[in-house]
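Understanding the architecture of this molecule
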Amino acid sequence: MTPPIISIERISKHFGGTRALHEVSFDVMPGELHAICGENGAGKSTLMKILSGVITDYEGELRIDGQIARFSGTRDAEAVGISIIHQELNLVEQLSIAANIFLGRELRWGGVFCDDRAMEVAATELLKSLDCDIPPSRLAGSLRVGDQQLIEIAKALSLNSRILVMDEPTSALTEAEVERLYRVIAKLRSKGTTILYISHKMDEVFHLSDRITVLRDGQFIATRNTKETNAREITQLMVGRDIESLDLGPRSPRGEKVLEVRNLSLEWPGHARGYRLKDVSLELYRGEVLGIAGLMGAGRTELLECLFGASSLPPTGEIMLDGVSIMPRHPSQAKRAGLALVTEDRKRLGVFNTMNVGQNISMCSLREAVSGPLLSSSRERGLSDSMVSKLRIKTAGLTPPIGSLSGGNQQKCIVGRWLLTHPKVLLLDDPTRGVDVGAKAELYRVIRSLCSEGLGVIVTSSELPELLTLSDRIMVLSEGRKTAEFDIREATQEKIMEAATRSWQTSK
Amino acid sequence: MNNDSPSLLGRLWSSVEFKLILSWLLVVIATMLLDSNHTYWNASADSAQIVLRQTVLLGFFALGSAIIIISGGIDLSSGSVIAMSATVFGSLMIVLDPEGFKAGHVSTTAVILSIAGTLLAGAMVGTLHAWLITSVGLPPFVATLATLVGLRSFSRGLTPTVAGGKSQIDFPDDNLRNALKDVTAITIVFIVFAFALWFLMSRTVTGRHLQAMGGNEQASKLSGIRTDRLKWLAYVIGAVSASIVGIIFFADQGSAKPDIMARGYELNAIAASVIGGCSLQGGIGTIPGTILGCLFLRTIIDAVQKIVGAGADVFEGMIVGIVVVVAVTFSQRGGSKLIGKRYFSDEIGWSVIPTLGLLSGLAFLLFFGKREWYAPYQAILVGVVVVGALAVRAVLESRANSSSRV
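Residues numbered from 1 in each chain as written. Chains lettered and ligands numbered in written order. Predicted model: local features only at pLDDT ≥ 70, side-chain atom pairs only at ≥ 80, totals over all residues.

Another aspect to go through is the sheet that holds strand β21 (residues 425-429) of chain A. All names here are of chain A. Strand order in the open sheet formed by six strands is β18-β21-β22-β15-β23-β24, with mixed pairing between adjacent strands. Across the chains shown, the open sheet's two edge strands, defined by having one partner strand only, are β18 (339-342) and β24 (481-487). Neighbouring strand axes in the sheet, compared pairwise and without regard to direction, differ in orientation by 20 degrees on average. Sheet topology note: the β18/β21 ladder contains four bridges and is parallel. Residue pairing across strands places alanine 340 opposite leucine 426, the latter belonging to β21. Across the face of the sheet, helix α17 (residues 493-500) comes into contact with β15 (289-293), β23 (473-478) and β24 while running at roughly 30 degrees to β23. (Pairing = 2+ DSSP bridges. Helix = DSSP H or I, 4+ residues; strand = E, 2+ residues; numbered from the N terminus. Axes fitted to C-alpha atoms, helices over the stretch in contact; angles between N-to-C directions. Contact = placed C-beta atoms within 7 Å.)

What follows is the structure in structure tokens.
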């Protein structure tokens, strides 16, 4: 038997009083695709950060090719051939794609000058190997999350890494981009690259991996050969209990119309298409979940931003809430009217990192927590606590900083923040991005129960199965236009993908 | 539920406020021991009054500055706003009661109107800042840099036109002057002002929103917070607090000389905020912390003055600089981690050692050098010792570094 390329031996890590990892040990074989599964807070990301030199103080030993490795930074890890693609992207938004790929390892001429052209040529090659034809001179900040992630992958590829760690790489990708990623992974594996693949998605894990290791609450649970196990067993190992395939109970009956959008358009000056959204109309009823499907750049996020008054340019068209015409030009107007938006990019647009869990939850409903002119901390606690228990947020009280929670629990805090505003319509922009199976199911149940309370919900998602599980109706956007709408009884993944890839010209 | 949160004592120990109080006590005790005149023993009341006056004067506009910093901005203009406000206050009194101004007894109505007008002028400056930042879209640094330069020049232009060609306005009314600079009165006003701001920041929705905006402006806007209005509020508070100081400072100094008055004070305000625990990235900082920051800064300046003797205001900048560096280093990492950290293990570390040696030698000469023939040699010795000690440390650090590598 070949010796393992990575040996993890009794590694433990504490963050203050919280135990992130406890004596985790397992081996990774050269050339295999080893999936790491576990719920939020299971310690997957922490382990990968240790492996890639992001976290440098821990107990236990890490062996690469049998040698004990103690990285003092990511450079050391890169030197032995380990690269990581983080779940939360790390790009310098002000720099071009090429400059980001070669950041810290710039190609030079004459020793001091940046050879931009050579870097752009090399970047173009790398991107081409990812089936991506974005010009490498574009600024990273001008790209949507999906494309930014491809840049991160290209960056790792440029390091010629032997070991690639991917932390939920598909969480923000569309189906087409996932296919593209699968092809890239196949290519890497044919070159002998070892891949550690963290994911919540069972179909992905079973499609790609050779072996699966399950972590739970910072502890090693089991490693299984993919061929000898099934999704149900892995899920069971992850949660420590047997969960039935998602049964969210009966759908609530459709109530009155709560939201109507007519001919909503949003310009896109300086772009060939000229618009981000064109003549989009939709209706939403109380107690209903409307799913919005579409590829990256189809206008899902832009549509929600327009409804919420958060678009940078004013949209045209009509938005009616409960029969009253509104056209919010600032989120505060939308909020007052009864709309709520949970944003796609949690780190940048959602979380207040300088504040604690309780303050993050109460942020939008502080006016309800005052007595006289002053904030009442007991009322504020009451509001936040009600959401912690309602959404089952896993936290040691309201005082820990929000950053100490796992991604899924942070997301729950933000959903809770908006539920406290008693919205009529809840807009969820890819709410389960980076959220694990157990927490996802809970979020689905929450959404359903909110519907039964008479709320109308609009959900976008890059995962079609999620939309099919959750929605009562699914609307499809393609290139800023609405190309189809399905009742859930007639919707299939194939029909949706067909509509999402239909361009406006051909559908005419 | 709260099992994991640290104990009350632990939280107290880790707070900036507590550390500042401890450091302040240390400074006071050290001064009592080191000051050859033992001023803090013999004339405690007088010393306290001097420090209090300076703390309060700094405190007013440092609190304004702190609110802007906590809300994610920066105000470089406070020194110029102080000079402008003193000028405007003087000019308004001349215009409203020219006879009284000359006779040395300005009428009460004119005084009240002038004070109101000066505060209004401050609010107008704040509004201008907010407009430049939110509507024109300038970065706060640039917007307030423009007024830092512009308002002082404006005040210099205004003074000769109202003061009959002179480049300064003399304070007209001795009774008024004594009332305005009375340390008890200004301390009471300051306490009221500080309490109001403390309530605003820690107990109101607006205060929470200001903090949130400083922490993550985009997320605040998407939470339905009117960030533009909050910015207006922050910059108005900042400018009005500087105007208050302008009025008091005019009385305190006895004349308004717009070319030199309160020059560079904006940096003291920012320094006090930072010492008091405000983060220049925004979102973090408290009012009590900032007040303690002012007290600590003014006390240490006063202490050095006492220890070194006359002419020590020359060293004020050096003290502020050193205190800011030390305070921020301490607040960024706990004291225990300071010792283990590597400071001199790379090229930059090596090359700073001569600078630090030179600085310590010069500082020794300036602070403690007696007029003896051997004083320069003493200073050189101190410099050499410092360089030697740092070099030893550097060698130890790089050894530790290489042994921990793979």
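For the rest of this paragraph, the subject is the sheet that holds strand β9 (residues 163-167) of chain A. Pairing between the strands of a sheet comes from backbone hydrogen bonds, and it takes one of two forms, parallel or antiparallel. Residues and elements named next belong to chain A. Strand order in the open sheet made by the six strands is β6-β9-β10-β3-β11-β12, with mixed pairing throughout. Each edge of the open sheet is held by one strand with a lone partner, namely β6 (82-85) and β12 (219-225). The average angle at which neighbouring strand axes cross in this sheet is 20 degrees, direction not considered. Sheet topology places strand β11 (residues 211-216) next to β12; six bridges connect them, and they run antiparallel. Among the inter-strand pairings, arginine 216 is bridged to a residue of β12, identified as glutamine 219.

A word on the packing of helix α11 (residues 205-215) of chain B against helix α13 (residues 227-253) of chain B. Residue and element names in this part refer to chain B. At their nearest, the axes of α11 and α13 sit 10 Å apart, and the two run at 105 degrees to each other. Considering their axes alone, α11 and α13 lie roughly perpendicular with respect to each other. Mapping the contact onto sequence places His209, Leu210 and Met213 in α11 and Thr227, Leu230 and Ala234 in α13. Among the residues forming the contact of α11 with α13, the class breakdown is four nonpolar, two polar and no charged. (Parallel < 35°, antiparallel > 145°, perpendicular 65-115°, else oblique. Nonpolar A, V, L, I, M, F, W, Y, C, P; charged D, E, K, R; others polar.)

The next subject is the interface of chain A and chain B. If you look at the interface, chain A gives 30 residues, while chain B gives 25 residues. Of all the secondary-structure elements, those providing two or more residues to the side of chain A that touches chain B are α10 (331-337), α11 (346-350) and β20 (374-375) of chain A.

Our next topic: unusual backbone geometry. Residues and elements named next belong to chain A. With a phi close to 45 degrees, glutamate 168 is a non-glycine residue in the positive phi region. Structurally, the position occupied by glutamate 168 is in the loop between β9 and α6 (175-190). Residue class for glutamate 168 comes out buried when judged on the 25 C-beta atoms lying within 10 Å of it. For aspartate 279, which is not a glycine, the phi torsion comes out positive at approximately 50 degrees. (Buried ≥ 20, exposed ≤ 12 C-beta atoms within 10 Å, placed from the backbone.)

Residue and element names in this part refer to chain A. A large share of strand β22 (residues 456-460) lies buried, amounting to five of its five residues. On β22, burial covers both faces: Gly456, Ile458 and Thr460 on one face and Val457 and Val459 on the other are all buried. Looking at chain direction, β15 and β22 are connected through four bridges and run parallel. Across the sheet, isoleucine 292 pairs through a bridge with threonine 460, a residue of β22. Inspection of the sheet shows β21 paired to β22 by five bridges, in the parallel sense. By the bridge assignment for β22, leucine 428 is matched with valine 459.

Next up on the list: the confidence of the model for chain B. Residues and elements named next belong to chain B. When pLDDT is averaged along chain B, the result is 88, and 93% of the positions lie at 70 or above. This stretch, residues 1-5, has a pLDDT under 50; its non-local contacts, to residues over four places away or in other chains, come to six contacts. Predicted as a complex, the structure gets a pTM of 0.77 and an ipTM equal to 0.80. (pLDDT = per-residue confidence, 0-100.)

The next thing to look at is the domain arrangement of chain B. What the domain assignment reports for chain B is domain 1 (10-333) and domain 2 (342-404). The C-alpha-based centres of domain 1 of chain B and domain 2 of chain B are spaced at 36 Å. (Domains from an automatic or database assignment.)

This next bit is on the nonpolar core. One finds Leu427 and Ile458 of chain A together with Ile67 and Ile82 of chain B to be the most contacted residues of the largest nonpolar core, which totals 166 residues. With 15 residues, α13 of chain B is the single largest residue contributor to this core. Setting aside its immediate chain neighbours within four residues, isoleucine 67 of chain B contacts Leu197, Met201, Leu210, Ala234, Ile237 and Gly238 of chain B. (Core = buried A, V, L, I, M, F, W, Y, C linked by C-beta atoms within 7 Å.)

Quick look at helix α18 (residues 347-368) of chain B now. For α18 of chain B, spanning 22 residues, the distance from its first C-alpha to its last is 32 Å, which sits close to the expected 32 Å at 1.5 Å a residue. Of all the bends in α18 of chain B, the largest measures some 30 degrees and sits at isoleucine 353 of chain B, one to four residues before the proline proline 354 of chain B. (Expected span 1.5 Å × (residues − 1). Bend = angle between axes of the 7 residues up to and from the residue.)

What follows concerns the environment of valine 392 of chain B. All names here are of chain B. By secondary structure assignment, the location of valine 392 is in helix α19 (residues 375-404). On the basis of neighbour counts, which here come to 11 C-beta atoms within 10 Å, the residue valine 392 falls in the exposed class. Along the sequence, valine 392 and valine 328 sit 64 residues apart, while their C-alpha atoms lie 25 Å from each other.

This next bit is on the domain arrangement of chain A. All names here are of chain A. Domain assignment breaks chain A into domain 1 (6-239), domain 2 (245-338 + 425-435 + 454-508) and domain 3 (348-422). Distance from the C-alpha centre of domain 2 to the C-alpha centre of domain 3: 27 Å. Taken together, the contact pairs five residues of domain 2 with seven residues of domain 3. Among the residues forming the side of domain 2 that touches domain 3, the class breakdown is three nonpolar, one polar and one charged.

So, on to helix α7 (residues 108-136) of chain B. Two residues of an α-helix separated by three or four positions point the same way, owing to the 3.6 residues in each turn. Residues and elements named next belong to chain B. Helix length check: α7 (29 residues) gives 40 Å between terminal C-alpha atoms against 42 Å at 1.5 Å per residue, within 8%. Every buried residue of α7 is listed here: Val111, Ser114, Thr118, Leu119, Ala121, Gly122, Val125, Gly126, Leu128, His129, Ala130 and Ile133. Looking at the buried side of α7, the elements it contacts are α5 (78-96), α8 (140-162), α9 (174-181) and α13. Positioned one or two residues after α7, glycine 137 has a phi angle of 90 degrees, which is positive.

Turning next to the pairing of β23 of chain A. Residues and elements named next belong to chain A. Counting buried residues along β23, six of its six residues qualify, which places the element largely inside the surrounding structure. Side chains Arg473, Met475 and Leu477 of β23 all project onto a buried face; the interleaved residues Ile474, Val476 and Ser478 project onto the opposite face, where all are buried too. Pairing between β15 and β23: four bridges, direction parallel. Residue pairing in the sheet places alanine 293 in a bridge with valine 476 of β23. As paired strands, β23 and β24 are joined by six bridges and run antiparallel to one another.

Further remarks concern the environment of valine 459 of chain A. Residue and element names in this part refer to chain A. In this structure, valine 459 sits in strand β22. Put simply, valine 459 and valine 342 are 117 residues apart on the chain and 9.7 Å apart in space, counted from C-alpha to C-alpha. Valine 459 has contacts with Val289, Gly291, Leu428, Pro431, Leu467, Leu470 and Ser471, leaving out every residue within four places of it along the chain.

This part is about the environment of lysine 394 of chain A. Position of lysine 394 of chain A relative to the elements: it lies in the loop between α13 (377-390) and α14 (407-419). The sequence separation of lysine 394 of chain A and asparagine 409 of chain A amounts to 15 residues, and the corresponding C-alpha distance is 6.3 Å.

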